Amino acid sequence: MRFTRALVRPPADTFADGITSSNLGPPDPALARAQHETYCRSLERLGLSLVRLAPDPAFPDSPFVEDTAIVARGDAILARPGAPSRAGEVASVREALGRWFPTIARITAPGTLDGGDVCEAGAHVFIGRSERTNAEGAAQLATWLSAHGLGSTLIDIRDVPALLHLKTGLSWLGGRRLLVSEDLEKHEALAGWNVVRVPAGEAYAANCIRVNDTMLVPEGFPATRELLERLGETVVALDVSEYQKMDGGLSCLSVRW
Ligand code: CIR
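Analysis parameters
Residues numbered from 1 in each chain as written. Predicted model: local features only at pLDDT ≥ 70, side-chain atom pairs only at ≥ 80, totals over all residues. Heavy atoms only, no water. Helix = DSSP H or I, 4+ residues; strand = E, 2+ residues; numbered from the N terminus. Buried < 20%, exposed > 50% of the residue type's maximum accessible area, 1.4 Å probe, protein only. Contact = heavy atoms within 4.5 Å. Pairing = 2+ DSSP bridges. Near = heavy atom within 4 Å. Polar contact = N/O pair within 3.5 Å; in protein donor to acceptor, adjacent residues only side chain to side chain. Areas by Shrake-Rupley, 256 points an atom, 1.4 Å probe, with all protein chains shown as cover. Salt bridge = Lys/Arg side-chain N within 4 Å of Asp/Glu carboxyl O.

Caption draft 1: How the structure looks around the environment of Leu78. Secondary-structure assignment places Leu78 in strand β4 (residues 75-78). The exposure class assigned to Leu78 is buried, which follows from its relative accessible area of 0%. Taking the C-alpha atoms as reference, Leu78 lies 26 Å from Asp13; in sequence the two are 65 residues apart. In contact with Leu78, not counting residues within four places along its chain, are Thr68, Ala69, Val90, Val93, Arg94, Ile104, Ala105, Arg106 and Ile107.

Here you go:
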């Protein structure tokens, strides 16, 4: 499917107050803004029109809009972020997406679900059971997906501390091909898929996104870039260093449809 739009939200001055476990030091707010703008321009260059939310200083993690909503088959469902400090991000996302998706659904309590745990791979969706996404949230999403003709598989990542979200270590490359970090390479849920492992030392690059005919990958991971190019992909690398410091990456910065 070809994307025509994406929802984005630039970082506010409070960005460094967000949740992180990375030990990479605080992000530079000006550089984070510049990297976000470059990310937005790249999406536009690939043919997407952007729906831009205003920066929200009350929610430092709000640039990671992917965690707040899932779009599939021309419909949308609001997530219910598992981190209490992020719950309030959803209201403004609902308002923005309502224009495009008037029948928007929502994950309800006691379910929690972060969009970062949802990896769409064509007609199949992998749902991560994580510290953010509980069994009830995952089950609600699976039901919604099924009503939209999409099958899903649950992958429990709670015993993989390196993965905040499923998509931290899993990206769809198109067709039956998945890019994975070492932690997921042998996972039984991925049997029958063409699993490509990110090169050693480049685990962060397992989070990348296909935008129409192009793979966006994080800058600074040359072996992954080379691997994808050898697989025939057109690759554009973007510097998201300030987002890596806050445990986020390329997929987290937009909701695409
Ligand atoms: C958080 O901990 O919620 C943010 N600092 C990072 C969220 C990254 N989102 C994602 O991987 N989908």
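Caption draft 2: Looking closely at the pairing of strand β9 (residues 170-174). For β9, the buried fraction is high: four of the five residues fall into the buried class. In this sheet, strand β10 (residues 177-180) lies alongside β9 in antiparallel orientation, the contact comprising four bridges. Bridging from a neighbouring strand, Ser171 pairs with Leu179 of β10. Following β9, the chain reverses through two residues before pairing antiparallel with β10; Gly175 in that reversal takes a positive phi of roughly 60°.

Caption draft 3: Spatial organisation of the site of the ligand. Around the ligand, the structure places 14 residues, and the nearest of them are Ile19, Asp61, Arg86, Met246 and Cys252. In this structure, a nitrogen atom belonging to the ligand sits 2.9 Å away from a side-chain N or O atom of Glu66. Within the backbone of Met246, one N or O atom sits 2.8 Å away from a nitrogen atom of the ligand. For the ligand, whose unbound accessible area comes to 340 Å², protein coverage reaches 98%.

Caption draft 4: Summary view of the pattern of salt bridges. All told, the structure shown has 16 salt bridges when counted by the stated rule. The partner of Asp13 in a salt bridge is Arg33, and the shortest N-O contact between them spans 3.0 Å. You can see Asp13 sitting in the loop between β1 (5-8) and α1 (29-45) and its partner Arg33 sitting in helix α1, a full 20 residues away along the chain. Judged by relative accessible area, which is 65%, Asp13 ranks as exposed. Each of Glu37, Arg41, Glu44 and Arg52 takes part in one network of salt bridges that share partners.

Caption draft 5: Up close: the side chain of Glu89. Along the polypeptide, Glu89 turns up in the loop between β4 and α2 (90-98). Judged by its relative accessible area of 1%, Glu89 is buried. A polar contact is formed between the side chain of Glu89 and the side chain of Arg86, at a distance of 2.8 Å. The residues contacting Glu89, other than those within four sequence positions of it, are Arg9, Phe59, Asp61, Ser62 and Thr68.

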